[in-house]
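# Observations on the model geometry
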Amino acid sequence: MSTDSDTLAMLKYSHPNVDRLISRIINIQNGTYNYNQFIGYIFTLIDECIEAIQQDKDLRQKHKDEQCEDLFTAEIKNMINRTGLFSARLGEQRSGACDLVITCDSRKYEWSAEAKVHSHYGYLADGFRQITTRYTDGDFNNTNGGFLIYVWNKDVISVMSKWKTHLSSLNTEFSNLKVTDCQQRSLSFYSEHLHDISGLNYKVRHMPICLHHEPRDKAARVKAARKRKKQD
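Note that this is a predicted model, so its numbers are computed, not measured. (Residues numbered from 1 in each chain as written. Predicted model: local features only at pLDDT ≥ 70, side-chain atom pairs only at ≥ 80, totals over all residues. Heavy atoms only, no water.)

## Quick look at unusual backbone geometry
Phi angles above zero are rare outside glycine, and Ser 95 is one such case at about 60 degrees. Looking at where Ser 95 falls in the secondary structure, it is placed in the loop between strand E1 (87–93) and strand E2 (97–104). In this model, Asp 155 sits at a positive phi of 60 degrees, which is unusual for a non-glycine residue. Relative to the helices and strands, Asp 155 resides in the loop between strand E4 (144–151) and helix H6 (156–168). Overall, the relative accessible area of 46% leaves Asp 155 in the partly exposed class. (Helix = DSSP H or I, 4+ residues; strand = E, 2+ residues; numbered from the N terminus. Buried < 20%, exposed > 50% of the residue type's maximum accessible area, 1.4 Å probe, protein only.)

## Notes on the side chain of Asn 142
Structurally, Asn 142 can be placed in the loop between helix H5 (121–134) and E4. Discounting chain neighbours no more than four positions away, the residues touching Asn 142 are Tyr 35, Glu 110, Ser 112, Thr 136, Asp 137 and Tyr 202. (Contact = heavy atoms within 4.5 Å.)

## Brief notes about the sheet that holds E2
Strand order in the open sheet made by the seven strands is E1-E2-E3-E4-E7-E6-E5, with mixed pairing throughout. One side of each edge strand has no neighbouring strand; the edge strands of this open sheet are E1 and strand E5 (178–181). Neighbouring strand axes in the sheet, compared pairwise and without regard to direction, differ in orientation by 25 degrees on average. Both E4 and strand E7 (residues 201–210) contribute to a ladder of eight bridges, which runs parallel. (Pairing = 2+ DSSP bridges. Axes fitted to C-alpha atoms, helices over the stretch in contact; angles between N-to-C directions.)

## Focus: the confidence of the model for the protein chain
Residues with a pLDDT of 70 or more make up 79% of the protein chain, whose mean pLDDT is 86. Ignoring residues within four places in sequence, the model shows residues 6–18, a span with pLDDT below 50, making twelve contacts including any to other chains. (pLDDT = per-residue confidence, 0-100.)

## Observations regarding helix H3 (residues 35–55)
If you check H3, its first and last C-alpha atoms are 31 Å apart, about what 21 residues at 1.5 Å a residue would give, namely 30 Å. The opening residue of H3, the one whose side-chain oxygen lies 3.2 Å from the backbone nitrogen of Asn 36, is Asn 34. (Expected span 1.5 Å × (residues − 1). Polar contact = N/O pair within 3.5 Å; in protein donor to acceptor, adjacent residues only side chain to side chain.)

## Considering the packing of aromatic side chains
Tallying each qualifying case throughout the model produces nine aromatic pairs. Ring geometry for Phe 38 versus Tyr 109: centroids 5.6 Å apart, planes at 45 degrees, classification tilted. Here Tyr 109 lies in strand E3 (residues 109–117) and Phe 38 lies in helix H3, a separation of 71 residues in the sequence. Residue Tyr 109 is classed as buried on the basis of its relative accessible area, which comes to 10%. Their ring planes at 70 degrees and their centres at 5.0 Å tell us that Phe 128 and Phe 174 sit as a pair that is edge-to-face. Linking Phe 128 in helix H5 with Phe 174 in the loop between H6 and E5, this pair joins segments that are 46 residues apart in sequence. For Phe 128, a relative accessible area of 0% corresponds to the buried category. (Phe/Tyr/Trp six-rings, centres within 6.5 Å; stacked < 30°, edge-to-face > 60°.)

## Things to note about the nonpolar core
One broad trend across soluble globular proteins is that nonpolar side chains are buried collectively. Of all hydrophobic cores here, the largest spans 35 residues; its most connected members are Phe 38, Ile 46 and Trp 111. A per-element tally of this core places H3 first, with eleven residues. Apart from the residues within four sequence positions on either side, Phe 38 is in contact with Tyr 33, Phe 86, Ile 102, Thr 103, Cys 104, Tyr 109, Glu 110 and Trp 111. Counting residues in each nonpolar core, the second largest holds 22 residues, with Val 101, Phe 128, Val 156 and Val 159 among its members. (Core = buried A, V, L, I, M, F, W, Y, C linked by side-chain atoms within 4.5 Å.)

## A short note on the environment of Trp 111
For Trp 111, the position within the fold is in strand E3. The buried category is assigned to Trp 111, whose relative accessible area is 0%. C-alpha separation for the pair Trp 111 and Asn 141, spaced 30 residues apart in sequence, amounts to 8.5 Å. Excluding residues that lie within four positions of it along the chain, Trp 111 makes contacts with Phe 38, Ile 39, Ile 42, Phe 43, Ile 46, Leu 100, Val 101, Ile 102, Asn 144, Gly 145, Gly 146 and Met 207. A polar side-chain atom of Trp 111 sits 3.3 Å from the main-chain carbonyl oxygen of Gly 145.

Below, the structure is given as structure tokens:
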């Protein structure tokens, strides 16, 4: 009888262009991956979820004046769970309600993330403190975390650059703190420091979700004119 792994292996053989994706799925099904590979799988899934959210940002403008991080993070959780690869949960108790926790129960691997809507950099700093000093212990199966930053502003690269500078200024608070670029997604970056609890190196991926939407084409101008006419 053919198994799911047999089918995936056949697909890998017949379609070399999906080799990397199929190899990952087979590894996950067989449980033949280490913690670093688990983190790599998570980042690939998260980036795909972010792309999906950004594709219909026009429909999300009605949430602009709300604290939308719970709503949008719930979408990410649902998308990850639909893959059937890992378990994603919201508000998991980790000495407080952690925004997003993704686990691989068979290997006891865990990745946790905090989510914030960008308003000012001090607010982001408190979000970083939550994921690094409250929700995680930095043990061997939990040495990576994530920071989801929902950005309504335009010029997201400038927002992230300023956040990187602000975070770097906290080097007296976080031992051996350093920031590095993310090769997988240029808008994201990494921070690393020695975790207060475990003393092990703890790595956080800082990931913006771009929500700004202000088109200037003809359709947008017509829509704006109609809106002004209704207000008159």
